[in-house]
Amino acid sequence: MSKTLIIENARIIDPASNKDEIGAILVEKKKIADITKGAAPGAPIDAIRIDAKGLILAPGLIDTRVFTGEPGHEYRETLASASNAAAAGGVTSFVCMPDTAPIIDDASLVEFIIRRAKATSKVKILPAAAITKDLKGKEITEFGLLKEAGAVCFTDGRFSLGSAATLRSAFSYAANFNMPIFNHLNDAGLGANGVVNEGLMATGLGLTGIPDEAETIPLDRDLQLAKLSGVKYHGAQISSALSVEIMHRHKLENDKISCGVSINNLSLNENDVGSYRTFFKLSPPLRSENDRQALVAGLGAGIIDVIHSGHDPQDVEVKRQPFAQAGDGAIGLETMLSAALRLYHSGECDLMSILRAMTSNPANILGLKTGRLKIGAPADMILIDINFPWVVDEDQLHSLSKNTTFEKARFSGKVMKTFVSGKEVYSH
Amino acid sequence: MSKSSEHSPNSTIGKTSVSNIFNHKHLLGIAQLNQVEIIDLLDRAQKMVDISRSGEKIPPSLSGKTQINLFFENSTRTQASFEIAGKRLGALVQNMSVKTSSVAKGETLIDTAATLNAMRPDVIVVRHSAAGAVELLSQKVGCSVVNAGDGAHEHPTQALLDALTIRRHKKRLNGLTVAICGDIAHSRVARSNLMLLNAMNVRTRVIAPATLLPKGIENICAEVFTNMKQGLKDADVVMMLRIQHERGEGALIPSRREYYRFYGLDEKKLALAKPDAIVMHPGPMNRGVEIAPSIADGAQSVITEQVEMGVAVRMAVLDALVSKGAKK
């Protein structure tokens, strides 16, 4: 029987209820048992008491886009190592992408992930299952059986499902099971050979660009089909100002749609690629500063629902290549919160919107009970020191792969403690 | 800068002391050079032309030095030019044929770099199909590296030899109008030339069908034309680029025949340029695609002279980078 836990004198921020006040939280039997304003509620004499004076108590973060290497590429990342990185980053639940070897397109593999996560992970791991068999974009998977096995959503991960006919049937069938679809947006033709944002920088570097339209055309198509089918649709990650506009327009008439943005696209721009720095080779690509600002504005306005890390561990072999030949992706579980807090410190976005996009919004999209501080909800919580200064050192990061876009970055703000179902899984 | 592109009176090649103006370890691109350094290299190259033509003994400034030519992309001409340049200066030159090497067996660029580095060369000349590959390799070796072309990024010695050729004919670069015509989007020659010519205050123009113009090009040249006739008007120099065969298959241009009709350099179009305009081409040419045979071999063509200047420029670059007096 776990002891009662009391966190008191905390600045409790709960985006789900728009609450931001000093108070205390009582945790019993892995759940939030009481929340009080001001003084702590009465508790057993042997309760663990944490004085959180000066700290923010927020729901544990939910990261909707995480790649691991398990099964198949455990040298990159295991579920266990990813969970260490997650705990250190304040992420108490993450959705793992189906792009593994084998690909998660079968109920038995969903069960495998859940079993392995239970045995090895400190945080909650939520498997996403493939939309199409073998991620080939042709035949849809067994949505019903996958849902029963525990899949939380369907996505083809790094692949952008591009056939309008397949999308339509996938959307309709997913709506049938009330399951969300997450689609990565990259037109196979327009984005085919591109490796960076299209524009002057790409031209100067002699690299093939990816135009905004490689994202906006599939986004608009998906949103039209989403309306047609009534599916809960999530544009996995948008990167351009034009996509924010398109989302805004469609949201006016469809409340079942949402979209996400990678913390990289919120924090960085194409100039960070500099002189062929392959750690900044991402999909979608880092775009212009105007795009970045539009994404931040879209986040503040609620047009963008979710911030994710896009955590994608890649080993050195894949990254130490000429730019066009290097792999995409960067790790991010451990730095997502701190990077997002930069937007707060710079005055670009309010704290509530930032936290909402990593807690209650993803929880609502995925139909989770977590992501909120509510009596009866699982006690997945984090304590944040919003001004804590630290410098990212790749050797200190928990991920097995070190392809971070924030090496040597100076941050203000860090998670101090992470709790999963009332259990402390990380302490700074 | 007050000095534009005149010969420096006291060029130093052939003398015991070496100019201190050029003090880079590598030549990765024109982007790393300023106007003074460009003029210095052109002056050195001009000296190399004079010595090569005179029949006198060329000072073996690279005697005892080892030069490796590492070509991941086939290029008989450029490789031969670098080889001759190195040998004329007395270097031991080794060509690495990538097709028969371990690169073909899956070795990474970094591994190749480490292997070659262990052989202790003094300079590696690299051509690679990927933009940035030469710079990446340069970070992993202890010797000097010369970029002999990396993807669609840079080809600095080509731009230098083009500038030298122009300067010999026009006696200056400053104030000239140079029109570059062809596949600008995929051309490293175009990028390096634009950077060099802009640095030398040349009025730069590019001419291409819209499908072969990269985004943002208007920011790195003075004028952009999709109509060749307008673009050639009053040009001092017409620089034609090679159309890769695979581009002529319908994706970006419908056919070579149509390309020639609108963007091939023939007598009629050339007549719009200045009467004394020179015609250039980095080679190898597609006669009848981007250039009429009569123009390629005509009085205004300086194409074979470009090849000669290529050797001289590469001699100058190798000398500046690795001769005994070169600054590192």
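In this text, all values refer to a predicted model and were calculated from it rather than measured experimentally.

Asker: In this structure, what is going on with the sheet that holds strand S3 (residues 123-128) of chain B? I would like to understand it.
Answerer: Strand pairs in the sheet, formed through backbone hydrogen bonds, run parallel or antiparallel to each other. Residue and element names in this part refer to chain B. What the four strands build is an open sheet, ordered S2-S1-S3-S4; its pairing is parallel. Edge positions in the sheet fall to strand S2 (92-97) and strand S4 (144-150), since each of these pairs with one other strand and no more. If you compare each strand with its neighbour and ignore which way they point, the axes differ by 15° on average. Judged from the five bridges that link them, S3 and S4 form a sheet pairing that is parallel. Residue pairing for S4: Val126 is matched across the bridge by Asn147. Helix H2 (residues 76-88) rests against strand S1 (66-71), S2, S3 and S4 of the sheet, and its axis sits at about 180° to S1.

Asker: In this structure, what is going on with the sheet that holds strand S7 (residues 223-225) of chain B? I would like to understand it.
Answerer: Residues and elements named next belong to chain B. One open sheet holds the five strands; their spatial order is S7-S6-S5-S8-S9, and the pairing between them is parallel. Every interior strand has two partners, whereas the edge strands, S7 and strand S9 (278-280), have only one. Here the strands of the sheet are splayed against their neighbours by 20° on average, with no regard to which way each runs. Pairing of strand S8 (residues 237-240) with S9 involves three bridges; the strand directions are parallel. Each residue of the ladder has a partner; that of Val237, found in S9, is Ile278. Against the sheet, helix H6 (residues 188-199) contacts strand S5 (177-181), strand S6 (203-207) and S8, and its axis sits at roughly 170° relative to S5.

Asker: For this particular structure, what's the right way to read the interface of chain B and chain A?
Answerer: A common way to state how big an interface is: give the accessible area lost once the parts meet. Contact residues are listed per partner, giving 21 residues for chain B and 16 residues for chain A. Summing both sides of the interface, chain B and chain A together bury roughly 1,400 Å²; the carbon and sulfur share of this comes to 59%. Contact with chain A buries area across many residues of chain B, yet Thr108, Ala131 and Lys215 of chain B alone supply 31% of it, more than any other trio. The tally of links from chain B across to chain A stands at one salt bridge. The closest approach of N and O atoms between Glu198 of chain A and Lys215 of chain B, which form a salt bridge, is 3.7 Å. Put simply, chain B and chain A have four residue pairs in polar contact (both at pLDDT 80 or more) between them. For the side of chain B that touches chain A, the secondary structure elements donating two or more residues are helix H3 (109-118) and helix H4 (133-138) of chain B. For the side of chain B that touches chain A, the element with the highest residue contribution is H4 of chain B, accounting for three residues. Here the residues of the side of chain B that touches chain A sort into nine nonpolar, seven polar and five charged.

Asker: Help me understand the pattern of salt bridges in this model?
Answerer: Side-chain pairs of opposite charge can arise whenever the charged atoms involved come near each other. Residue and element names in this part refer to chain B. Summed over the entire model, instances satisfying the criterion amount to 33 salt bridges over all chains. Lys170 serves as the salt-bridge partner of Asp276, at 3.5 Å between the closest nitrogen and oxygen. In this pair, Asp276 is assigned in the loop between helix H9 (267-270) and S9 and Lys170 in helix H5 (residues 156-170), connecting sequence segments 106 residues apart. Assessed through its relative accessible area of 13%, Lys170 is described here as buried. Taking the shortest distance from any N to any O, the salt bridge between Lys233 and Asp234 comes out at 3.7 Å. Under the relative-accessibility criterion, Lys233 is labelled partly exposed at 49%. By relative accessible area, Asp234 is classed as partly exposed at 40%.

Asker: I'm lost on the packing of aromatic side chains in this one. Help?
Answerer: Pairs of aromatic rings are described using the distance from one ring centre to the other and the angle between the two planes. Residue and element names in this part refer to chain A. Taken as a whole and judged by the stated rule, the model has seven aromatic pairs over all chains. Residues Tyr173 and Phe177 carry aromatic rings whose centres are separated by 5.2 Å and whose planes lie at 80° to one another, so their mutual orientation is edge-to-face. Looking at Phe177, the relative accessible area reads 24%, which means it is partly exposed. A connected cluster of aromatic rings, assembled from ring pairs, spans Phe143, Phe154, Tyr173 and Phe177. The ring of Phe67 carries the charged tip of Arg158 above its face, separated from the ring centre by 4.2 Å. For Lys414, the ring lying beneath its charged end belongs to Trp390, and the centroid distance is 5.1 Å.

Asker: Just checking my understanding: could you explain empty space enclosed by the protein for this structure?
Answerer: Gaps between atoms show up when a probe of the same size as a water molecule is rolled over them. All names here are of chain A. For the structure on display, the rule yields three cavities of 30 Å³ or more. The calculated volume of the largest cavity comes to roughly 50 Å³. Lining the largest cavity we find His184, Leu185, Asn186, Ile210, Ala214, Glu215, Ser283, Pro284, Pro285 and Arg287. Surrounding the second largest cavity, Ala85, His311, Ile331, Gly332, Leu333, Glu334, Thr335, Leu397, Ser399 and Thr404 form its lining. Residue composition of the lining of the second largest cavity, grouped by class: four nonpolar, five polar and one charged.

Asker: Honestly, the nonpolar core in this entry has me stumped. Any pointers?
Answerer: Soluble globular proteins tend to bury their nonpolar side chains together. Judged by nonpolar contacts, the single largest core of 102 residues is most densely connected at Phe94 and Ile307 of chain A. Counting residues in hydrophobic clusters, the runner-up holds 89 residues, among them Leu176, Leu194, Met309 and Leu318 of chain B.

Asker: Would you explain the layout of surface pockets in this entry?
Answerer: All names here are of chain A. Taken as a whole, the second largest pocket spans an internal volume of roughly 700 Å³. Elements represented by at least two residues in the lining of the second largest pocket include exactly strand S4 (48-51), helix H2 (107-120), strand S8 (124-129), strand S17 (410-420) and strand S18 (423-427). Examining the composition of the lining of the second largest pocket, we find that four residues originate from one element, S8, more than from any other. Among the residues forming the lining of the second largest pocket, the class breakdown is 14 nonpolar, five polar and eight charged.

Asker: Hey, could you run me through unusual backbone geometry in this one?
Answerer: What is expected of a backbone is that most residues other than glycine have negative phi and most peptide bonds are trans. Between Ser283 of chain A and the following residue, Pro284 of chain A, the backbone shows a cis peptide bond with an omega angle of 0°. Structurally, the position occupied by Pro284 of chain A is in the loop between helix H8 (263-267) and helix H9 (289-300). Across the junction of Gly283 of chain B and Pro284 of chain B, the peptide omega takes the value -10°, indicating a cis bond. With respect to the secondary-structure elements, Pro284 of chain B resides in the loop between S9 and helix H10 (293-296). The phi angle at Lys408 of chain A is positive, at roughly 65°, despite the residue not being glycine.

Asker: Explain the packing of H5 of chain B against helix H11 (residues 303-322) of chain B here, please?
Answerer: Between two packed helices, the angle of one axis relative to the other and the distance separating the axes together describe the packing. All names here are of chain B. Contact geometry of H5 with H11 gives a least axis separation of 8 Å together with a crossing angle of 120°. By the angle class used here, H5 and H11 are oblique. With respect to the hand of their crossing, H5 and H11 are arranged in right-handed fashion. Counted together, Thr157, Gln158, Leu160, Leu161, Asp162, Leu164, Thr165, Arg168 and His169 of H5 and Glu305, Gln306, Met309, Gly310, Val313, Arg314 and Val317 of H11 form the full contact between these two elements. Residues belonging to the contact of H5 with H11 are distributed by class as follows: six nonpolar, six polar and four charged.

About the criteria used
- Residues numbered from 1 in each chain as written.
- Chains lettered and ligands numbered in written order.
- Predicted model: local features only at pLDDT ≥ 70, side-chain atom pairs only at ≥ 80, totals over all residues.
- Heavy atoms only, no water.
- Pairing = 2+ DSSP bridges.
- Helix = DSSP H or I, 4+ residues; strand = E, 2+ residues; numbered from the N terminus.
- Axes fitted to C-alpha atoms, helices over the stretch in contact; angles between N-to-C directions.
- Contact = heavy atoms within 4.5 Å.
- Buried area = accessible area lost by both parts, 1.4 Å probe.
- Salt bridge = Lys/Arg side-chain N within 4 Å of Asp/Glu carboxyl O.
- Polar contact = N/O pair within 3.5 Å; in protein donor to acceptor, adjacent residues only side chain to side chain.
- Nonpolar A, V, L, I, M, F, W, Y, C, P; charged D, E, K, R; others polar.
- Buried < 20%, exposed > 50% of the residue type's maximum accessible area, 1.4 Å probe, protein only.
- Phe/Tyr/Trp six-rings, centres within 6.5 Å; stacked < 30°, edge-to-face > 60°.
- Lys NZ or Arg CZ within 6 Å of the ring centre and 35° of its normal.
- 1 Å grid on protein atoms, 1.4 Å probe; cavity = no way out; pocket = protein on both sides within 12 Å on 5 of 7 lines; lining within 4 Å.
- Points joined across faces, edges and corners; volume = space filled by probe spheres on them.
- Core = buried A, V, L, I, M, F, W, Y, C linked by side-chain atoms within 4.5 Å.
- Parallel < 35°, antiparallel > 145°, perpendicular 65-115°, else oblique.
- Left-handed = near helix turned anticlockwise from the far one by under 90°.

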